[in-house]
Amino acid sequence: MDFLFTEEQDMFRESISRYVREKYDFEARQKIISSEAGWSKEVWSDFAEMGLLSVPFAEEYDGLGGGAVDVMVIMEELGKGNVVEPFLPTVVLSGGVLAAVGGEHAKALIPQIATGELIMGFGFAEPRSRFDLNHVEASAKKDGEAYVLNGRKSVVLAASIADKLILVARTSGSTRDADGISLFLVDANAKGLTIEDYPTIDGHRAGDVVLEDVKAELLGEEGKALSVIEKVTDQGISAIASEAMGLCRTMVDLTTQYCRERKQFGTPIAKFQVLQHRMVDMLIHAEEMTSMAYLGALKLDEHEVERKKVLSAVKVQLGKSVKYCGEEAIQLHGGMGMTEEMAIGHYFMHGTMLEVLFGNTDHHRKRYESLM
Amino acid sequence: MDLAFTEENEQFRQEIRDFLDENWPEEKRSGEVTEFGRDEYITWHKKLADKGWVAPSWPKEYGGPGWTPTQKYIFAEEMAKAETFNVLPFNIGMVGPVIYTFGNEEQKKRFLPPTLNCDIWWCQGYSEPGSGSDLASLRTKAVREGDHYIVNGSKTWTTLAQHADWIFCLVKTDTEAKAQEGISFLLIDMKTPGITVRPIITMGGDHEVNEVFLEDVKVPAENLIGQENKGWTYAKFLLMHERSGIAGTHVCKKALSRLREVASDKSLYGDAPILMDDAEFRRKVSEIEMDLMALEYTELRALAGEEAGKGPGAESSILKIRGTEIQQRISHLAVEVAGYYAMPFQRELTGNETPSGPEHTVHAAAGYFNKRKTSIYGGSNEIQRNIIAKAILGL
Ligand SMILES: Cc1cc2nc3c(=O)[nH]c(=O)nc-3n(C[C@H](O)[C@H](O)[C@H](O)COP(=O)(O)OP(=O)(O)OC[C@H]3O[C@@H](n4cnc5c(N)ncnc54)[C@H](O)[C@@H]3O)c2cc1C
């Protein structure tokens, strides 16, 4: 057993870390999230050049053949910079679905993701699904070779900036059946498709996708998509767990730094033992997040029950860690922590969104219990 | 000991309900009053003032209604149930009591009526960039020149200063004296030349706090409350009053019952199980409800003590700590209820657009972020614990 990274992975990390430090500081990020587009194409093409967008994919798709640990390295560093560019929806989720279904679509689209030309979003949630992946009301009816989609997909990350979307719809069965769920590919500007776009509360771009008789292509096998969706969202959990470890570590750093500098009662507030203990507990939460992020990445290819159990445990840890670190970070910053001008609040806000994404803490505690 | 309400109490409750039915229409009872215009707020404040109900805690001679603790309790409960605006705390809970306790006759005559009916909107100028928890280290200076003070310095985190007509300020009048001893309590008209207000935007996009800069601001000496250099005593008195109202039990109860309503609304869940049937969720709701009971009866005990002449003491710190913790837990629960729709930032929709998710989700995340302030302001919860350790436990 070891937890060592290869030399390549260390170098890869260092190059991302340097990029984020030098080109993606808080000011740069603020500029990007308040711009019309809400993301930076320049940053994205830099990512492509550095290999971030091709690392996770197999060589047959022009990828570099990396694995979950490489994605972990990327996400941790992106987390430290609180980067908003659509790595998760495009590379991890949409790329993940394409790689899982394989075939012509994967061959055609993954190389375009890898070069940075193609932005994609993955719509799996719905207004009444909460976090249940099997709850699918959107319908798909076969019409010759194509399918016609109707319904609404909720809070699809990157929807408003994507070129293409992968959407989940039901081809048979009733609302909550595990069978009869299928994956579809659509153009973001397809006829009948409307995107209600909005920024998210943490500065990302997203939208609800409203479908009225939209023509779509089937991805993979009809009616059998649930296990693919579960696997890909588990990969998503692994990715955001790594991101969360970056967030938590940064919150620990920013908070200890602030408390060393801020003086009250004639002394740095870092000297107050009650605050020291809180920072220690933040650190413990960050360490636990790290351990669980490693575990999650290493268990992604286990058989289904083991994978789900571990990834649920990872998500529960994420919920606890970002909440504890985030809330305490704000508290220890006092009034300053509340302001939009300080980076710390933005880490807290993004962390809170990660707590929701792919199912919140209660949801995963229950999934874990059901597999115990 | 007796917890039952009398017949008169119930009549009193009915009187309040009738008033609210008439003056606080159903459509305003939406649960979300985070954003409001100045005028709307004043209109409401004045309605209560006209009725004589705006300042339940004030003595009768200064415009209070002369209610018993039970009546005050019933009133607060009914107001919270109807989800009315709070009355302006700076006027009613803070500067008013300082003026009627420490002000001279002239000041009482001049300031109490407009404070009571909100012809003056007050803001609180305590905190400074370098003086938060260590308030006594404040550096804004007031130098006496003839019948005026010349004030220089800056205040920060000043809530709703953008709406305020007057600010009550703690200023340093003796820079030589030990921290607490050279402080004075000064009332300043916000229209005086030399005052600049700059907004501070908080997480979630609210503009509720500001920086206030004072540059050679000329303040008539008659605006000094009490004695020069004795301001710390008045400042502490005010903080005690500020804290006791801060628990917000009734508002918490209402917010929680709103969440229960939403979590039980079948139309939101369709074929999916309703959230209120979820065991984990039920446990959280019930725990908060039980904690609220403990808080409520702690508050009632404190009130009864106050009525028996004990004045709000360090016990108010207990209420502040627990009350704010519960408010924060409820705000996080709202995020859980909202599910994915906690994520969109949609509060800037124009009136014609509808949000993508259900109504109850729109403010959920912003509300959670905003509520973090409650354990920071009014003396942070760490400072409250320090106070209790010292004043109650004698440590
Ligand atoms: C939304 C909002 C509205 C506000 N409105 C007003 C207003 O209208 N008027 C006004 O005057 N002020 C207002 N305040 C200011 C508020 O009173 C201060 O923020 C508060 O006193 C804390 O001060 P600080 O922000 O400087 O934090 P600091 O004092 O720097 O504290 C930072 C951290 O250190 C901790 N700490 C400090 N000293 C100790 C100690 N001795 N032991 C243990 N821990 C300690 C604190 O608890 C906190 O966690 C408002 C603040 C907020 C956030």
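Residues numbered from 1 in each chain as written. Chains lettered and ligands numbered in written order. Predicted model: local features only at pLDDT ≥ 70, side-chain atom pairs only at ≥ 80, totals over all residues. Heavy atoms only, no water.

Draft legend 1. Quick look at the packing of helix α10 (residues 315–338) of chain B against helix α11 (residues 364–371) of chain B. All names here are of chain B. In the contact formed by α10 and α11, the axes pass within 8 Å of each other and the chain directions differ by 160°. On the basis of their axis angle, the class for α10 and α11 is roughly antiparallel. In the crossing of α10 with α11, the sense of the turn from one axis to the other is left-handed. Taken together, the residues of α11 that come into contact with α10 (itself represented by Gln 327, Gln 328, Ser 331, His 332, Ala 334, Val 335 and Ala 338) are Ala 364, Ala 365, Gly 367, Tyr 368 and Lys 371. Residue composition of the contact of α10 with α11, by class: 6 nonpolar, 5 polar and 1 charged. (Axes fitted to C-alpha atoms, helices over the stretch in contact; angles between N-to-C directions. Helix = DSSP H or I, 4+ residues; strand = E, 2+ residues; numbered from the N terminus. Parallel < 35°, antiparallel > 145°, perpendicular 65-115°, else oblique. Left-handed = near helix turned anticlockwise from the far one by under 90°. Contact = heavy atoms within 4.5 Å. Nonpolar A, V, L, I, M, F, W, Y, C, P; charged D, E, K, R; others polar.)

Draft legend 2. Structural view of the site of the ligand. Around the ligand sit 30 residues in total, of which Arg 262 of chain A together with Ser 133, Thr 159, Ser 380 and Glu 382 of chain B are the nearest. In this structure the ligand sits where residues from chains A and B come together. Here a nitrogen atom of the ligand and a side-chain polar atom of Asn 386 of chain B are 3.2 Å apart. For the ligand, whose free accessible area comes to 970 Å², the fraction covered by protein is 94%. Contributions of two or more residues to the shell around the ligand are made by α8 (273–298), α9 (304–333) and α10 (335–338) of chain A together with α12 (381–391) of chain B. Looking at the shell around the ligand, the element that brings in the most residues is α12 of chain B, giving 3 residues. Residue classes in the shell around the ligand are distributed as 13 nonpolar, 13 polar and 4 charged. (Near = heavy atom within 4 Å. Polar contact = N/O pair within 3.5 Å; in protein donor to acceptor, adjacent residues only side chain to side chain. Areas by Shrake-Rupley, 256 points an atom, 1.4 Å probe, with all protein chains shown as cover.)

Draft legend 3. The packing of helix α7 (residues 226–261) of chain A against helix α11 (residues 343–356) of chain A, seen in detail. All names here are of chain A. α11 packs onto α7 with a crossing angle of 150° between their chain directions and a minimal axis gap of 10 Å. If you check the angle between α7 and α11, you find them roughly antiparallel. Considering the relative orientation of α7 and α11, their crossing is left-handed. When α7 is examined against α11, the residues Ile 240, Glu 243, Ala 244, Leu 247, Thr 250, Met 251, Leu 254 and Thr 255 are found in contact with a partner set consisting of Ala 343, Ile 344, Tyr 347, Phe 348, His 350, Gly 351 and Leu 354.

Draft legend 4. Geometry of the interface of chain A and chain B. Contacts between the two partners involve 53 residues from chain A, matched on the other side by 52 residues from chain B. Taken over both partners, the interface formed by chain A and chain B buries close to 4400 Å², and the fraction arising from carbon and sulfur atoms is 60%. On the chain A side of the contact with chain B, Arg 130, Ile 201 and Met 338 of chain A bury the most area, a combined 16% of that side's loss. Run the count over chain A and chain B and you get 6 salt bridges. Summed over the shared surface of chain A and chain B, the result is 26 residue pairs in polar contact (both at pLDDT 80 or more). For the side of chain A that touches chain B, the secondary structure elements donating two or more residues are β3 (146–157), β6 (193–199), β8 (263–264), α8, α9, α10, α11 and α12 (361–371) of chain A. Among the elements that make up the side of chain A that touches chain B, the one with the highest residue count is α11 of chain A (7 residues). (Buried area = accessible area lost by both parts, 1.4 Å probe. Salt bridge = Lys/Arg side-chain N within 4 Å of Asp/Glu carboxyl O.)

Draft legend 5. Looking closely at the domain arrangement of chain A. Residues and elements named next belong to chain A. One can read the domain layout of chain A as domain 1 (7–118), domain 2 (121–223) and domain 3 (227–371). Look at where the C-alpha atoms of domain 1 and domain 2 centre, and you get two points 23 Å apart. Contact residues are listed per partner, giving 21 residues for domain 1 and 18 residues for domain 2. Summing the contributions of domain 1 and of domain 2, the shared interface buries around 1500 Å²; its carbon and sulfur component is 68%. Run the count over domain 1 and domain 2 and you get 0 salt bridges. Only α2 (26–33), α5 (87–101) and α6 (103–115) provide two or more residues apiece to the side of domain 1 that touches domain 2. Ranked by residues supplied to the side of domain 1 that touches domain 2, first place goes to α5 with 7 residues. (Domains from an automatic or database assignment.)

Draft legend 6. Just the domain arrangement of chain B, in detail. Residues and elements named next belong to chain B. Here the domain parsing of chain B yields domain 1 (7–87), domain 2 (122–229) and domain 3 (248–391). On the domain 3 side, the residues contacting the 7 residues of domain 2 number 8 residues. Buried surface at the junction of domain 2 and domain 3, both sides included, amounts to about 570 Å², of which 44% is carbon and sulfur. Here domain 2 is connected to domain 3 by 1 salt bridge. When the shortest N-O distance is used, the salt bridge between Lys 373 and Glu 208 registers 2.6 Å. Applying the counting criterion to the domain 2 and domain 3 interface returns 2 residue pairs in polar contact (both at pLDDT 80 or more). Its residues assigned to classes, the side of domain 2 that touches domain 3 comprises 1 nonpolar, 4 polar and 2 charged.

Draft legend 7. Broad picture of the packing of aromatic side chains. Summed over the entire model, instances satisfying the criterion amount to 35 aromatic pairs over all chains. For the ring pair Trp 53 of chain B and Phe 75 of chain B, a centre distance of 5.8 Å and an interplane angle of 75° mean the geometry is edge-to-face. Highlighted residues: Trp 53 of chain B in the loop between α2 (38–51) and α3 (69–81) and Phe 75 of chain B in helix α3, separated in sequence by 22 residues. On the basis of relative accessibility, which here comes to 6%, the residue Phe 75 of chain B falls in the buried class. Ring pairs connect the aromatic residues Phe 12, Phe 19, Trp 24, Tyr 41, Trp 44, Trp 53, Trp 67, Phe 75, Phe 85 and Trp 121 of chain B, which therefore count as one cluster. Residue placement shows Arg 13 of chain A over the ring face of Phe 5 of chain A; its charged tip is 5.0 Å from the ring centre. Above the ring of Tyr 149 of chain B, the side-chain terminus of Arg 144 of chain B is found at 5.4 Å from the ring centroid. (Phe/Tyr/Trp six-rings, centres within 6.5 Å; stacked < 30°, edge-to-face > 60°. Buried < 20%, exposed > 50% of the residue type's maximum accessible area, 1.4 Å probe, protein only. Lys NZ or Arg CZ within 6 Å of the ring centre and 35° of its normal.)

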